[in-house]
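Residue-level listing of the chains:
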Amino acid sequence: MALQVVVGRGPVGTAVARLLVERGDRVKLISRRGGAPEGVEGVAADATNGDELARIAEGATTIYSCAGPAYHQWATDWPPLGAGLVRAAELSKALLVTTGNLYGYGEVDGPIREDLPLRPNSVKGQVRTQVWTEALKAHEAGRIRTAEVRGSDYLGAGATSPYSVLVLPKLLAGKAASIPADLDAPHSWTYVGDVARTLVAVAGDEAAWGRAWHVPSPEPMSVRALATLTAELAGTAPARISAMPSLLLRLAGLFAPTARASVETQYQWRRPFTLDSTAAIVAFGIKPVPVADAVREMIELNRSTGRQ
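Residues numbered from 1 in each chain as written. Predicted model: local features only at pLDDT ≥ 70, side-chain atom pairs only at ≥ 80, totals over all residues. Heavy atoms only, no water.

Student: Describe the overall build of the protein chain, naming the residues involved and giving the relevant values.
Tutor: Helix and strand counts for the protein chain come out as eleven helices and eleven strands. Against the compact-globule benchmark of 19 Å for 308 residues, the protein chain has a radius of gyration of 19 Å, which places it among compact chains. Its C-alpha atoms put the protein chain at 55 × 40 × 40 Å along the principal axes. In the protein chain, which comprises 308 residues, the share counted as buried stands at 52%. Counting only contacts in the protein chain whose residues sit at least 6 apart along the sequence, the fraction spanning at least 24 positions is 73%. Counting every atom, the protein chain has about 13,500 Å² of accessible surface; 52% of that belongs to carbon and sulfur. (Helix = DSSP H or I, 4+ residues; strand = E, 2+ residues; numbered from the N terminus. Rg over C-alpha atoms; globule rule 2.2 N^0.38 Å. Buried < 20%, exposed > 50% of the residue type's maximum accessible area, 1.4 Å probe, protein only. Contact = heavy atoms within 4.5 Å. Areas by Shrake-Rupley, 256 points an atom, 1.4 Å probe, with all protein chains shown as cover.)

Structure representation (structure tokens):
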């Protein structure tokens, strides 16, 4: 029974842990508070402490990095977390597979592919690029083995995005919603479960290491189309949604750290933002979960937890 270590108890980390347990692995799930789903060993630890994490990961095949600091604290909290993960991978000799995103590419015309250069145009993009670059340097120097898996905005149970926070609860309550976005621009959405499946697939293929992969994702869908679909699946009133002006987001940022941190990434929402995941689909044979299925999960979770 192989030992696997998953860092981060969010929706992706939990999904990865469950996949690994289902295939018969022993799994340690690391978070600051500990705790884990049935069949998984929860361990409370600080992942920025590479030495401690290496001790926990002794004998592990893979360290899955699925954690992430608070959105408004990326600039200060991601570098020590990235360094701790690399340190742990180097000391434990475990493969490091990291959950990434598309911020490092910056503003791109056309679909975003893995072979595009990293040209971040935001502080958060610069930080994520730095974390990946340092890990890749360690890989190329033979100190560790690593790969990164990148997805777009998440859908599915537990997913957190501007859509899940600002739109979904309003639609489920039959109310009008507003989001800072071009409502009709094509936008890629990534299912949380597909992120987990891709992480596990990459970890299991030595030929996939030393590079980044995009999570297999469905055809792009505009925010308006997604809202319409959500209301139809929920059986609520027809979706009423409007585009929040950029000025209103900036004003909200005076009081809300997350809103303030979102201003620099508005380019992802005010124009087409699409992901090309052909490479991973071909390499791993992963068929993306349909958007409707991912939305149903979100609706069911919201209703089961009484959030509407």
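Having seen the structure, we can now continue with the description.
Student: Please provide a residue-by-residue account of the layout of surface pockets, values included.
Tutor: Estimates place the volume of the second largest pocket at around 250 Å³. Classifying every residue of the lining of the second largest pocket gives six nonpolar, three polar and three charged. (1 Å grid on protein atoms, 1.4 Å probe; cavity = no way out; pocket = protein on both sides within 12 Å on 5 of 7 lines; lining within 4 Å. Points joined across faces, edges and corners; volume = space filled by probe spheres on them. Nonpolar A, V, L, I, M, F, W, Y, C, P; charged D, E, K, R; others polar.)

Student: A description of the pairing of strand 2 (residues 26-31) should follow, citing residues and the corresponding values.
Tutor: Counted residue by residue, strand 2 has five buried out of six residues, so it is predominantly covered. With five bridges connecting them, strand 1 (residues 3-7) and strand 2 associate as parallel partners. Paired with Gln4 across the bridge in strand 2 is Val27. For the crossover that starts at strand 1, traverses helix 1 (residues 11-22) and ends in the parallel strand 2, the hand is right-handed. One ladder, built from four bridges, connects strand 2 with strand 3 (residues 41-44); its direction is parallel. Looking across to strand 3, one finds that Ile30 is bridged to Val43. (Pairing = 2+ DSSP bridges. Right-handed = clockwise from strand over helix to strand, strands pointing away.)

Student: Report on the sheet that holds strand 10 (residues 212-214), specifying residues and quantitative values.
Tutor: In space, the seven strands of this open sheet follow the order 3-2-1-4-5-6-10, with parallel pairing throughout. This sheet does not close on itself; its edge strands, each paired only once, are strand 3 and strand 10. Taken over all neighbouring pairs, the strand axes of this sheet differ in orientation by 20 degrees on average, direction set aside. Helix 4 (residues 123-140) contacts strand 5 (95-100), strand 6 (146-150) and strand 10 of the sheet and is inclined by roughly 150 degrees relative to strand 6. (Axes fitted to C-alpha atoms, helices over the stretch in contact; angles between N-to-C directions.)

Student: Run through helix 11 (residues 291-304), naming residues and quoting values.
Tutor: Counted at 1.5 Å a residue, the expected span for helix 11 with its 14 residues is 20 Å, and the 20 Å between its end C-alpha atoms agrees. Buried within helix 11 we find Val291, Ala292, Ala294, Val295, Met298, Ile299 and Asn302. The buried residues of helix 11 occupy one face: seen down the axis, they fall within an arc of 160 degrees. Exposed side chains of helix 11 directed beyond 90 degrees from the buried face belong to Glu300 and Ser304. The secondary structure elements touched by the buried residues of helix 11 are strand 7 (153-155), helix 5 (162-172), strand 9 (189-191) and helix 7 (223-234). (Expected span 1.5 Å × (residues − 1). Arc of directions from axis to C-beta.)

Student: So what's going on with the packing of helix 3 (residues 74-92) against helix 4? Which residues, and what values?
Tutor: Between helix 3 and helix 4, the shortest axis-to-axis distance is 9 Å and the interhelical angle comes to 10 degrees. By the angle class used here, helix 3 and helix 4 are roughly parallel. On helix 4, the residues that touch Trp74, Ala75, Trp78, Pro79, Gly82 and Val86 of helix 3 are Val123, Lys124, Val127, Arg128, Gln130, Val131, Ala135 and Ala138. (Parallel < 35°, antiparallel > 145°, perpendicular 65-115°, else oblique.)

Student: Explain a nonpolar patch on the surface residue by residue, including any values.
Tutor: Taken together, Leu247, Leu248, Leu251, Leu254 and Phe255 make up a surface patch of nonpolar side chains, about 590 Å² in accessible area. Tracing the backbone through its elements, the reader meets Leu247 in helix 8 (residues 246-252). (Patch = residues over 30% accessible without salt bridge, like charges linked within 9 Å, V, L, I, M, F, W, Y side chains within 5 Å. Salt bridge = Lys/Arg side-chain N within 4 Å of Asp/Glu carboxyl O.)

Student: Can you explain the side chain of Ser222? Please cite residues and give values.
Tutor: Tracing the backbone shows Ser222 in the loop between strand 10 and helix 7. In terms of polar contacts, Ser222 uses its side chain to reach the backbone carbonyl oxygen of Leu183, at 3.5 Å. At 3.1 Å, the side chain of Ser222 forms a polar contact with the backbone nitrogen of Ala225. Other than its neighbours up to four places away in sequence, Ser222 contacts Leu183, Asp184, Ala185 and His187. (Polar contact = N/O pair within 3.5 Å; in protein donor to acceptor, adjacent residues only side chain to side chain.)

Student: Describe the pairing of strand 5, listing the residues and the values that go with them.
Tutor: Burial of strand 5 is extensive: six of the six residues sit out of reach of the surface. The alternating pattern of strand 5 places Leu95, Val97 and Thr99 on one face and Leu96, Thr98 and Gly100 on the opposite face, and all of these are buried. The pairing of strand 4 (residues 62-65) with strand 5 spans four bridges and is parallel. Following the sheet pairing, Ile63 is matched in strand 5 by Leu96. In this view, the connection linking strand 4 to its parallel neighbour strand 5 by way of helix 3 has right-handed handedness. Judged from the five bridges that link them, strand 5 and strand 6 form a sheet pairing that is parallel. Of the residues in strand 6, the one forming a bridge with Thr98 is Glu148. Taking the sense of rotation as the criterion, the β-α-β connection linking strand 5, helix 4 and strand 6 turns out right-handed.

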